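Coordinate analysis (summary)
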Amino acid sequence: MNELAGKHIVLGLTGGVACYKAAELCRLLIKEGATVQVVMTEAAEQFITPVTLQALSGRTVYGSQWDAREPNNMPHINLSREADAIVIAPCSADFIARLVQGRADELLSLLCLARPIERVPLLLAPAMNREMWAHPATQRNLAQVAQDGAVVLGVGSGDQACGETGDGRMLEAEEITEELIAFFAPKHLAGHKVLVTAGPTFEAMDPVRGITNHSSGKMGFHIARAAREAGAEVTLVAGPVHLPTPRGVRRVDVQSARQMLAAVEQQAATATVFVATAAVADWRPAQASEQKIKKDGSGLAPTLAFTENPDILASVAQSDRARSGALYCVGFAAESHDLLAHATAKRARKGVPLLVGNIGPAAFGQDDNALLLVDAGGHRELPHASKRLLARQLVQEIAARLPSLPPRA
Ligand code: C5P
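Calculation rules
- Residues numbered from 1 in each chain as written.
- Predicted model: local features only at pLDDT ≥ 70, side-chain atom pairs only at ≥ 80, totals over all residues.
- Heavy atoms only, no water.
- Helix = DSSP H or I, 4+ residues; strand = E, 2+ residues; numbered from the N terminus.
- Buried < 20%, exposed > 50% of the residue type's maximum accessible area, 1.4 Å probe, protein only.
- Near = heavy atom within 4 Å.
- Polar contact = N/O pair within 3.5 Å; in protein donor to acceptor, adjacent residues only side chain to side chain.
- Areas by Shrake-Rupley, 256 points an atom, 1.4 Å probe, with all protein chains shown as cover.
- Nonpolar A, V, L, I, M, F, W, Y, C, P; charged D, E, K, R; others polar.
- Domains from an automatic or database assignment.
- Contact = heavy atoms within 4.5 Å.
- Buried area = accessible area lost by both parts, 1.4 Å probe.
- Salt bridge = Lys/Arg side-chain N within 4 Å of Asp/Glu carboxyl O.

Once that is clear, we can look at unusual backbone geometry. The residue after A89, namely P90, is reached through a cis peptide bond having omega 0°. Of note, P90 is situated in strand β3 (residues 85-91). One non-glycine residue, N73, lies in positive phi territory at about 60°. Checked against the element boundaries, N73 lands in the loop between α2 (50-57) and α3 (75-82). The phi dihedral of D338 is positive, around 45°, even though this residue is not glycine. For D338, the position within the fold is in the loop between β16 (328-335) and α13 (339-350). Since its relative accessible area comes to 52%, D338 is described here as exposed.

Laid out in structure tokens, this is it:
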């Protein structure tokens, strides 16, 4: 989606097997519209050649502070001033220690030290053996670089090149790209705790069957991602869907409406925003059979009785926190026609300040949608666009409607 359009990234590689992932990272950053200048340490060049990174970035790689291409002989100044961000991936334990000490005897650490600290952020994607990661020296150094203004992106866990298993793997290229996009997003929801429901619910008839619907969960997952990018602490209560969890979002998986209600009630006690996008089943089988319901040979279908499910949104909207204004509730309405009339009526019926309408059959499972926002002041359309973009716009619209938070102690 060109989410990094106009951004110039200095991508620094230090020594580590994860250098192979940096090639993919370079490609993804370019795909998102960024321009990328690669700088490699001597150790990085043991793992991957500058030729590969040059081909992927379309720019000659820098490796030495004595590079004769710079007319003023100051690549550390020129490179760092052009950058919107410096990303070190992989960032070795040694390089972190060098940053802590403010070392400047090779180009990459030199340009990190020379960067205008207020204007050019430094993001680190560490990569190392699990023992090196866990070592008190590394942890001490990480705390120090963070205190000195670097953004430490964390590490993955799993099999390591050395044959061991544990923490210290570099994040995947997609994860680092997602972190960088989030980093640049405006922090409209800083300090907020956002709770989102998404996907369908599954109401069991017996151990192998149940009733559910075609909600894909995409809109809710995009909203959770956009809220996190906007600086909120986000919990996503998800019904059965096949979607990856957005980075930095806490996910609680549930099946039935009653499980969803229980998870939501627990989180709603501290949330400041609740966005209900889940397509909750209206009814559940009154009695779920403990054993599979079998054909009995009579040719007659079993008769099922249904019970109404709790309305999660309406019940949260009635809570003291919501009524006092401490918890801002947003509902969704999937309609097939007369969107404005139905959305307006649903807003009143659910007792929520903001109701977001969409045409259900056109939205279910799709990657794009159009939204109609209805609140006390009237209505506003967010025209047809990707769910990703609409989620960002909606998050901004929600943020603009929130009472400002008390200053943090
Ligand atoms: O009543 P209807 O299902 O059309 O309402 C849709 C809105 O209410 C959505 O925001 C949905 O997530 C929420 N809802 C709910 N619990 C239900 C039914 C709907 O939270 N049982």
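From this point on, the discussion continues.
Around the ligand lies a shell formed by A276, T277, A278, V280, P310, D311, I312, L313, G331, F332, K346 and K350. P310 places a polar main-chain atom, nitrogen or oxygen, 2.8 Å from a nitrogen atom of the ligand. I312 is positioned with one of its backbone polar atoms (N or O) 2.9 Å from a nitrogen atom of the ligand. Taken by itself the ligand offers 450 Å² of open surface, and the protein chains cover 84% of this. Tallied by class, the residues present in the shell around the ligand amount to seven nonpolar, two polar and three charged.

Further remarks concern the domain arrangement of the chain. Assigned domains within the chain: domain 1 (8-184) and domain 2 (193-400). One C-alpha centre belongs to domain 1, the other to domain 2; they are set 40 Å apart. Taken together, the seven residues of domain 1 in the interface contact seven residues of domain 2. Together domain 1 and domain 2 conceal approximately 630 Å² of surface at their shared face, both sides included; 40% is due to carbon and sulfur atoms. Looking only at domain 1, the three residues that lose the most surface to domain 2 are E178, E179 and A182, adding up to 68% of its buried area. Of the charged contacts, one joins R247 and E175 as a salt bridge, the two residues approaching to 3.4 Å between their closest N and O atoms. On the surface where domain 1 and domain 2 come into contact, there are four residue pairs in polar contact (both at pLDDT 80 or more).

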